[in-house]
Amino acid sequence: MATINKKRQLGRPVSIVGAGLSQFGAFPEKDSRDLFVEAFQDMVQSMDKGFDIHDIECAYVGNYSSDLFEHQGHTAPIVADWLGITPIPITRIENACASSGSALREGVMAIASGMYDVVLVGGMEKMTNLPTDGVTDVLASAADGLYEVPSGLTFPGIFGAIAKAHMDRYETNLDHLLKVGIKNHQNGALNPKAQFQQTITEMMERRKARAQERGQEVPAWETDLDFLRDDRSNPWIAWPLRLYDCAPITDGASCVLLVSAEIADNFTDTPISVAGIGQATGKPLHDSEELTSLSAAKAASQQAYDMAGITVADIDLAEVHDCFTIAEIVASEDLGFFAPGEGPRAVDEGRTARDGDHPINTSGGLKAKGHPVGASGVGQVIEIYHQLRGEAGERQMKKANPSVGITHNVGGTGGTCVVNVLRRES
Amino acid sequence: MTSEFNAAAFYKHLKEGKKLMGVKCQDCGHLSPEPRPMCPVCHGFNMEWRQFSGRAKLSTFTCISIVSAAMAAKGYGRDNPCCAGIVTLEEGPRISARINGVDGRNPQDIKTGMDVVLDLEDVDEESPSLAFKPA
Ligand SMILES: [Zn+2]
């Protein structure tokens, strides 16, 4: 443990010069390879100065479980074939929901080592082939199958237990959790790639209108919270978490092009540098130091901040791993934005909204944008890339000219955490 | 050298021996309810069996409505949420476990901090799991 806090540096600087995201949602006709090609096409078409695919020298793709979701192992070569980039080396990285966060890290280190100048990294997950109970079991397999899963704990169950511990220890209540979802849906409504491009209010009004059309009793909900507190519209998944506290089941893919910083201006005048990368490892929740915090997130963020030479005060915005609403609150504390236990009040005060002092998940987060688990880490990086370049459209954060953004990508229930510091240098 | 400290032995002790058997590191004294061949603290390989009393406190829990396939087979689900959580054993370590003898439909009535004891009433023959119940 002692060595994790050593300040580390990249062998040479690395920049992101292109980013592409597939549509997020449920696409019965598409396989993960198709989703990846869609993300790649989006990247190619948005490159500022164009791009020759033959420049790619190496690739890493994050994917949690094509084996169980699609009955397809060894997916990385298939991606290379579908892109027509064989025989360059491509490697699949699996770290549960942090798979593409870790894939990005491998790509950064491959360039920093001096071995390659241009590396493609991304992620993909095709989840909707399985029914919800099948997905529940696949996701649960990211926890300890010998000592957590036999107890009946599911993935939402473990985060439910974290939420209960947070509620016991601090003044956290159920409404704080629901408000995270309301905020993230407000952002997702402005994201054309999001799975849910609707606010909670819009969803509520639609449900009321449908009841009226059918001549049924129109529910008496007046506010978002009325709708979200109702067991019929928002059933329990794993108390204290309800349906709208959970990220959805999503098909999607993401990719970015990494290059050595010295050649970045061949591709764009506005590269985003990978100023700091951190990755750390945690234990099952029952063996963690605290039940209200992910130790790997604290360690990974400290590494990334140290490498970038920043403090929390320098960070303009963050994309954090809100696989569950409580996870966003815990992340906002682990990353140092708020003291332990202060995360819920920050939500109440709107401090994490797009116009707040610590905007979190301007993309809509995993909650509204969607959570194709293996694609999510790089998906977060893409949102920061666009925000720092001032090209996030309607959901562009309020503060002008943001220069530093971070991503926080969690695998499982904190077994892995990857934190990146991204910076606009020009 | 093969080690006898593994999950198969843990669940065999639970099922046949009716006891919670973990390990203790003979070098540094570290306790782990999960039998493991190597001490994660001092990194020694001198582990020995250690019985845990089965007395614990409920540290946190959840009541799960969308259950795993294994819990669905036991009759849990939307109408009968499954309570699972983390208990802190009298000897110090924590472990994940099912929480029996509570009403998963009324989580507000389940109190963290309460005393629980090892529950061997329905240790499943096929897929045994660790369970506790209110003391
Ligand atoms: Zn030891």
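Everything numeric here is computed off the predicted structure, so don't read it as measured data.

Scoring rules and cut-offs
Residues numbered from 1 in each chain as written. Chains lettered and ligands numbered in written order. Predicted model: local features only at pLDDT ≥ 70, side-chain atom pairs only at ≥ 80, totals over all residues. Heavy atoms only, no water. Phe/Tyr/Trp six-rings, centres within 6.5 Å; stacked < 30°, edge-to-face > 60°. Helix = DSSP H or I, 4+ residues; strand = E, 2+ residues; numbered from the N terminus. Buried < 20%, exposed > 50% of the residue type's maximum accessible area, 1.4 Å probe, protein only. Lys NZ or Arg CZ within 6 Å of the ring centre and 35° of its normal. Donors = N, O, S within 2.8 Å, 3.2 Å for Na, K, Ca; no water. Tetrahedral: all angles 85-135°; square planar, octahedral: opposite > 155°, others 65-115°. Domains from an automatic or database assignment. Contact = heavy atoms within 4.5 Å. Buried area = accessible area lost by both parts, 1.4 Å probe. Salt bridge = Lys/Arg side-chain N within 4 Å of Asp/Glu carboxyl O. Core = buried A, V, L, I, M, F, W, Y, C linked by side-chain atoms within 4.5 Å. Expected span 1.5 Å × (residues − 1). pLDDT = per-residue confidence, 0-100.

Novice: Would you explain the packing of aromatic side chains in this entry?
Specialist: When we look at a pair of aromatic rings, we describe it by the centre distance and by the angle of the planes. Overall, the coordinates contain twelve aromatic pairs over all chains when judged by the stated rule. Between Phe40 of chain A and Phe51 of chain A the ring centres are 6.2 Å apart and the planes differ by 65°, which places this aromatic pair in the edge-to-face class. With a gap of eleven residues between them, Phe40 of chain A in helix α1 (residues 32–46) and Phe51 of chain A in the loop between α1 and β2 (58–62) connect regions that are remote in the sequence. Side by side, Phe40 of chain A and Phe51 of chain A carry an identical accessibility label, which is buried. Ring geometry for Phe10 of chain B against Tyr11 of chain B: centres 4.9 Å apart, planes inclined by 90°, an arrangement best described as edge-to-face. For the pair shown, Phe10 of chain B and Tyr11 of chain B are each scored as buried. An aromatic cluster of three or more residues is present, and its members are Tyr147 of chain A together with Phe10 and Tyr11 of chain B. Just above the ring of Trp82 of chain A sits the side chain of Arg33 of chain A; from NZ or CZ to the centre is 4.5 Å. In this structure, Arg242 of chain A is placed above the aromatic ring of Trp236 of chain A, and the distance from its NZ or CZ to the ring centre is 3.8 Å.

Novice: I would appreciate a short explanation of the coordination of the zinc ion in the present structure.
Specialist: Around a metal, the ideal angle is 109.5 degrees if four donors adopt a tetrahedral arrangement and 90 or 180 degrees if six donors adopt an octahedral arrangement. Surrounding the zinc ion are the protein donor atoms Cys25 of chain B (SG), Cys28 of chain B (SG), Cys39 of chain B (SG) and Cys42 of chain B (SG), at 2.2 to 2.4 Å. Of note is the zinc ion, whose four donor atoms meet at the metal with angles of 100 to 115° in an arrangement that counts as tetrahedral.

Novice: Would you mind showing me how to read the domain arrangement of chain B here?
Specialist: You'll often see interface size given as the accessible area lost when the parts meet. All names here are of chain B. According to the domain assignment, chain B contains domain 1 (7–51) and domain 2 (55–134). Distance from the C-alpha centre of domain 1 to the C-alpha centre of domain 2: 22 Å. At the junction of the two partners, domain 1 supplies twelve residues and domain 2 supplies 14 residues. Roughly 1,100 Å² is buried in total at the junction of domain 1 and domain 2, and carbon and sulfur atoms are behind 78% of that figure. Our enumeration of links across domain 1 and domain 2 arrives at zero salt bridges.

Novice: What exactly am I supposed to notice about the nonpolar core here?
Specialist: Soluble globular proteins tend to bury their nonpolar side chains together. In terms of nonpolar packing, the biggest core is built from 69 residues, with Phe159, Ile326, Phe337 and Val421 of chain A touching the most fellow members. With 32 residues, the next largest nonpolar core counts Ile93, Ile111, Ile272 and Ile382 of chain A among its residues.

Novice: What exactly am I supposed to notice about helix α4 (residues 99–112) of chain A here?
Specialist: Along an α-helix, residues three or four positions apart point the same way, because every turn accommodates 3.6 residues. All names here are of chain A. Between its first and last C-alpha atoms α4 spans 20 Å; for 14 residues at 1.5 Å apiece the expected length is 20 Å, and the two agree. Here α4 lies mainly inside the structure; eleven of its 14 residues are buried. For α4, every residue scored as buried is listed here: Ser99, Ser100, Gly101, Ser102, Ala103, Leu104, Gly107, Val108, Ala110, Ile111 and Ala112. Two residues or fewer past α4, Gly114 is found with a positive phi of approximately 95°.

Novice: Would you explain the confidence of the model for chain B in this entry?
Specialist: Low pLDDT marks regions whose predicted coordinates should not be analysed in detail. Of the residues in chain B, 99% reach a pLDDT of 70 or more, and the chain-wide mean stands at 94. Here the prediction assigns the complex a pTM of 0.97, and the interface score ipTM is 0.97.

Novice: Is there a simple way to think about the environment of Tyr60 of chain A in this case?
Specialist: Mapped onto the fold, Tyr60 of chain A is located in strand β2. Setting aside residues up to four positions removed in sequence, Tyr60 of chain A forms contacts with Thr91, Ile93, Ala103, Glu106, Gly107, Ala110, Val119, Leu120, Val121 and Gly122 of chain A.

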